[in-house]
Amino acid sequence: MDIVVDDEPPVRRYARTVLVGNVGTLHGGLELLPEAEPDDGMLDVVAVAPRRLTEWPHVAWRVIRRSKDQDERLHTWRGRRIVVTAAEDCPRQLDGDVIESGRELRCEIEPGVLLIRMPSTDRHS
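Residues numbered from 1 in each chain as written. Predicted model: local features only at pLDDT ≥ 70, side-chain atom pairs only at ≥ 80, totals over all residues. Heavy atoms only, no water.

Draft legend 1. Highlighting the overall build of the protein chain. Summing up its helical and strand segments, the protein chain has one helix and seven strands in all. Dimensions of the protein chain, computed from C-alpha atoms along their principal axes, come out at roughly 55 × 30 × 30 Å. For the protein chain, with 125 residues in total, the buried portion stands at 29%. Residue pairs in contact within the protein chain that sit at least 24 positions apart in sequence constitute 54% of those at least 6 positions apart. Counting only carbon and sulfur atoms, one obtains 51% of the accessible surface of the protein chain, whose full area is about 9300 Å². (Helix = DSSP H or I, 4+ residues; strand = E, 2+ residues; numbered from the N terminus. Buried < 20%, exposed > 50% of the residue type's maximum accessible area, 1.4 Å probe, protein only. Contact = heavy atoms within 4.5 Å. Areas by Shrake-Rupley, 256 points an atom, 1.4 Å probe, with all protein chains shown as cover.)

Laid out in structure tokens, this is it:
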């Protein structure tokens, strides 16, 4: 995969999965993008890339610990525009729904387009 963040040069990575989002917690409470915030104007990207079955426990342990360590098995980026390009057509999902396979995925933040309601963190008794 080639991953382009904003106007930076492309980064080439082997990846089993690339996830782009602005909310870090997936279904079941799995926090894969710990820095992601729905209202910070940034997209977060993670490339999950264990090359062997024996590397999956290392990846899982890093996710469980919410480690910010970066290596070729699990690497994150942040930006306003993300382009992910694969060498061949790949299965893709959009917000958990399967979409047409393809080689490229373009993601961009459009500030102020979506209204998000969140519970207040300021608790008054």
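Picking up after the structure, the text goes on.
Draft legend 2. Geometry of the sheet that holds strand β1 (residues 2-5). As summarised here, the arrangement of the four strands in space is β2-β1-β6-β7, forming an open sheet in which the pairing is antiparallel. At either end of the open sheet lies a strand with only one pairing partner, and these are β2 (11-12) and β7 (97-108). (Pairing = 2+ DSSP bridges.)

Draft legend 3. Fine view of the environment of Val20. Structurally, the position occupied by Val20 is in strand β3 (residues 17-21). Judged by its relative accessible area of 22%, Val20 falls in the partly exposed class. Separated by 93 residues in the primary sequence, Val20 and Val113 place their C-alpha atoms 18 Å from one another. Beyond its immediate sequence surroundings of up to four residues, Val20 is in contact with Leu43, Asp44, Val45, Ile82, Val84 and Cys107.

Draft legend 4. Main features of the side chain of Glu55. Here Glu55 shows up in the loop between β4 (43-48) and α1 (56-65). With a relative accessible area of 11%, Glu55 lands in the buried category. In this structure the side chain of Glu55 is engaged in a polar contact, spanning 2.7 Å, whose partner is the backbone nitrogen of Arg51. Dropping the residues within four chain positions of it, Glu55 is found in contact with Ala49, Pro50 and Arg73. (Polar contact = N/O pair within 3.5 Å; in protein donor to acceptor, adjacent residues only side chain to side chain.)

Draft legend 5. Main features of the pattern of salt bridges. If you walk through the whole model with that rule in mind, you get seven salt bridges. A cluster of three or more residues bridged by salt bridges with shared partners is formed by Asp40, Asp44 and Arg78. (Salt bridge = Lys/Arg side-chain N within 4 Å of Asp/Glu carboxyl O.)

Draft legend 6. Highlighting the sheet that holds strand β5 (residues 74-79). Here three strands make up an open sheet; going across it, the order is β3-β4-β5 and the pairing antiparallel. At either end of the open sheet lies a strand with only one pairing partner, and these are β3 and β5. Between one strand axis and the next, the sheet turns through 15° on average, direction left out of account. Of the pairings in the sheet, the one linking β3 to β4 comprises five bridges and is antiparallel in character. If you follow Val20 over to β4, its bridge partner there is Val45. (Axes fitted to C-alpha atoms, helices over the stretch in contact; angles between N-to-C directions.)

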